[in-house]
Amino acid sequence: MLQIYNSLTRQKDVFTPIEPGQVRMYVCGMTVYDYCHLGHARVMVVFDVVYRYLRALGYEVTYVRNITDIDDKIIRRAAENGEAFTELTERFIQAMREDAEALGVLPPTLEPCATGHMDEILAMVQTLVDKDMAYVAENGDVYYAVGRFPGYGKLSGKDPQDLRAGARVEIGESKRDPLDFALWKSAKPGEPAWESPWGMGRPGWHIECSAMSTCALGHHFDIHGGGADLQFPHHENEIAQSEGATGETFVNVWMHNGFVRVNEEKMSKSLGNFFTVREILQRYQAEEVRYFILTSQYRSPLNYDDENLQNARGALTRIYTALRGLPEVEPAFGEDYRARFQAAMDDDFNTPIALAVLFDLVREINRVRPLDMERAAALGAELRRLGGMLGILQGDAEVYLRGGPASAEEGLSDARIEALIQERKQARADRDWAAADRIRKELADAGVQLEDGPQGTTWRRAS
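Being a predicted model, the structure only gives us computed values, none of them experimental.

Chemist: Outline the overall build of the chain, listing residues and values.
Modeler: Counting its secondary structure elements, the chain contains 16 helices and 15 strands. Dimensions of the chain, computed from C-alpha atoms along their principal axes, come out at roughly 90 × 50 × 35 Å. The burial tally for the chain puts 50% of its 463 residues in the buried class. Put simply, 73% of the contacts in the chain that link residues at least 6 apart link residues at least 24 apart. Accessible surface, the chain: about 21,000 Å² in total, of which carbon and sulfur atoms supply 49%. Computing the positive centroid from 52 side-chain charges and the negative centroid from 71, the chain places the two 5 Å apart.

Spelled out as structure tokens, the structure:
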């Protein structure tokens with residue numbers, strides 16, 4: 001049975017969907033004012049694996065990953081660029097989708113934008129005002145009254161009284177309580193604004209997700225996910241808003257992935273250790289980045305450094321080398337590996353253990369391959385099937401081992417390598433060992449490794 005660590009209960013719970021056979025899942029997506037960084041990549045990959053595995057278990061999954069396309073950072077960046085905020089967000093939404101596709105992330109079922117759900121946002125704010133869970137302040141902002149919600153702090157474990165002791169009210173705010181937060185912000189000169197019962201303005205960040213998630217999935221749904229940095233205050237505020245408005249339990253299971261660290265320091269722009277997905281993909285194949293993300297259980301910190309990326313490259317090289325040349329057949333003979341893989345994934349999506357099972361399968365393929373190609377091919381098909389649940393090992397082994405489609409731009413082209421291999425083959429046939437060695441060295445100097453075998457010579461670009 002699948003068990004998931006629930007941030008709300010602080011323990012692994014057996015997953016039982018609200019409706020048998022169906023799962024409704026919402027994940028906080030990107031705020032689109034810049035290119036996706038490695039932290040965004042981790043969120044996308046982690047919940048893509050959850051999505052894939054739930055479907056592999058036979059569930060019909062409605063996966064919603066929102067886009068925040070209006071907030072303070074977006075407005076500020078658009079003003080700095082001298083462009084309309086919609087131009088900025090449209091450009092980075094497209095970039096985000098390109099990065100997600102490169103990383104093998106499946107499109108979510110729905111991908112709502114905040115600006116497309118203004119009616120739902122306004123309706124939820126009005127409901128909270130009508131229920132006396134929110135109030136219109138002197139400055140025209142609408143605030144959620146945290147003191148009116150008795151369960152505040154249940155997700156993060158924070159005591160409201162302790163929070164109040166360290167809170168402060170910023171200049172220009174008209175809160176009744178330091179913990180109150182904005183549901184609707186009154187318009188400022190030059191900023192985007194929408195009509196509302198409280199005057200022109202725009203939504204606060206937290207209300208956007210409450211409105212989009214309940215609109216897409218209903219008042220009560222199965223899983224809500226996001227990065228650990230969102231647990232408080234964003235997700236805590238989502239619970240307060242949603243349950244305050246509907247009077248129903250908002251979410252059953254809360255999932256949070258761990259932070260990304262760079263050389264054992266937290267990734268941040270201020271430290272200068274901030275990497276976008278696009279920067280990383282200039283040095284590593286996308287599947288290597290995805291594999292690297294999976295080497296850490298999703299709740300644990302993920303440490304980015306070149307050694308860990310090189311280890312991911314080496315691991316994929318070993319796996320694809322085992323798959324190289326195997327004919328496509330139906331999976332078979334892998335029942336034990338399949339059971340162990342599922343046990344790992346059923347234990348809160350433990351991808352490091354699942355990857356270890358795949359390596360045991362690789363060793364078995366290498367053991368039987370010289371003796372029984374039919375069995376090796378069937379095990380290889382099982383390896384690809386299990387890898388597919390993680391979003392890896394679906395590519396062509398030759399393409400990966402040759403460094404990916406773009407590698408020829410940085411060195412010898414595939415055609416030139418093949419021509420040199422044919423020259424070497426002829427030199428060996430002519431017993432011109434010096435020429436054969438010279439060609440091997442030329443290829444090695446260009447980062448190309450040759451492997452001579454009974455079926456001829458194969459090659460790959462060195463890690």
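The discussion continues.
Chemist: Residues and numbers for the sheet that holds strand 5 (residues 134-136), please.
Modeler: The strand order across the open sheet built from 4 strands is 5-6-7-8, with neighbouring strands paired in antiparallel fashion. Two strands bound the open sheet, and with one partner strand each, they are strand 5 and strand 8 (201-203). Strand-to-strand twist of the sheet, defined as the mean angle between neighbouring strand axes without regard to direction, takes the value 20 degrees. Two strands pair when backbone bridges link them, and strand 7 (residues 181-186) and strand 8 are joined in this way by 3 bridges, in the antiparallel orientation. Bridge pairing in strand 8 links W184 to P203.

Chemist: Hey, could you go over the domain arrangement of the chain for me, with residue numbers and the actual values?
Modeler: When the domains of the chain are assigned, the result is domain 1 (3-136 + 154-168 + 207-261), domain 2 (305-400) and domain 3 (411-461). Between the C-alpha centres of domain 1 and domain 2 the distance comes to 33 Å. Across the domain 1 to domain 2 interface the summed buried area is about 1,100 Å²; carbon plus sulfur atoms make up 61%. Counting the surface domain 1 buries against domain 2, the share from its top three residues, V49, R52 and Y53, is 50%.

Chemist: Residues and numbers for the packing of aromatic side chains, please.
Modeler: To describe a pair of aromatic rings, you give the distance between the ring centres and the angle between the ring planes. The tally for this structure, following the rule as stated, stands at 16 aromatic pairs. An aromatic cluster is defined as three or more aromatic residues linked by ring pairs; in this entry it consists of Y26, F221, F250 and W254. The ring of F333 is capped by R375, whose NZ or CZ atom sits 4.6 Å from the centre of that ring.

Chemist: Can you tell me about helix 12 (residues 351-368), naming the residues and giving the values?
Modeler: For helix 12, which comprises 18 residues, the first-to-last C-alpha distance of 26 Å matches the rise-based estimate of 26 Å (1.5 Å per residue) to within 8%. Among the residues making up helix 12, those that are buried are T351, A354, L355, V357, L358, F359, L361, V362, E364, I365 and V368. Packing partners of the buried residues in helix 12 comprise helix 1 (38-56), helix 9 (286-294), helix 10 (306-323), helix 11 (335-346) and helix 13 (373-390).

Conventions and cut-offs
- Every chain is numbered on its own, with residues counted from 1 as its sequence reads.
- In view of the model being predicted, local features appear only for residues whose pLDDT reaches at least 70, and side-chain atom pairs are presented and counted only at 80 or more, with totals across whole chains, interfaces and linings using the full set of residues.
- Side-chain calculation: all heavy atoms of the structure are included, whereas hydrogens and water are not.
- Helix and strand assignments follow DSSP, with helices taken as H or I runs no shorter than four residues and strands as E runs no shorter than two, numbered in order from the N terminus.
- Residue burial is assigned from relative accessible area. The probe radius is 1.4 Å, only protein chains are included, and a residue is buried under 20% of its type maximum, exposed over 50%, and partly exposed in between.
- Contact criterion: two residues are considered in contact whenever any of their non-hydrogen atoms come within 4.5 Å of each other.
- Using a 1.4 Å probe, the Shrake-Rupley method yields the accessible areas, and only the shown protein chains count as cover for residues.
- For the purpose of counting charges, residues Lys and Arg are taken to be positive, whereas Asp and Glu are taken to be negative. His and the chain ends are not included.
- Every charge is mapped to an atom, namely NZ of Lys, CZ of Arg, CG of Asp or CD of Glu.
- DSSP calls a pair of strands paired once it identifies at least 2 bridges connecting them.
- Only C-alpha atoms enter the line fits that serve as axes; for helices the fit covers just the stretch in contact. Angles between N-to-C directions range over 0 to 180 degrees.
- Throughout, the edges of the domains are those of an automatic or database domain assignment.
- For any pair of parts, buried area is found by adding up, for both, the accessible area (1.4 Å probe) each one loses once the two are put together.
- Stacked, tilted and edge-to-face are the three classes applied to pairs of Phe, Tyr and Trp rings, where Trp contributes its six-membered ring and a pair requires centres within 6.5 Å; stacked means planes under 30 degrees apart, edge-to-face means over 60, and tilted covers the rest.
- Only lysine NZ and arginine CZ atoms are considered, and such an atom sits over a ring when it is within 6 Å of the ring centre and within 35 degrees of the ring normal.
- Expected helix span is computed as 1.5 Å times (number of residues minus one).

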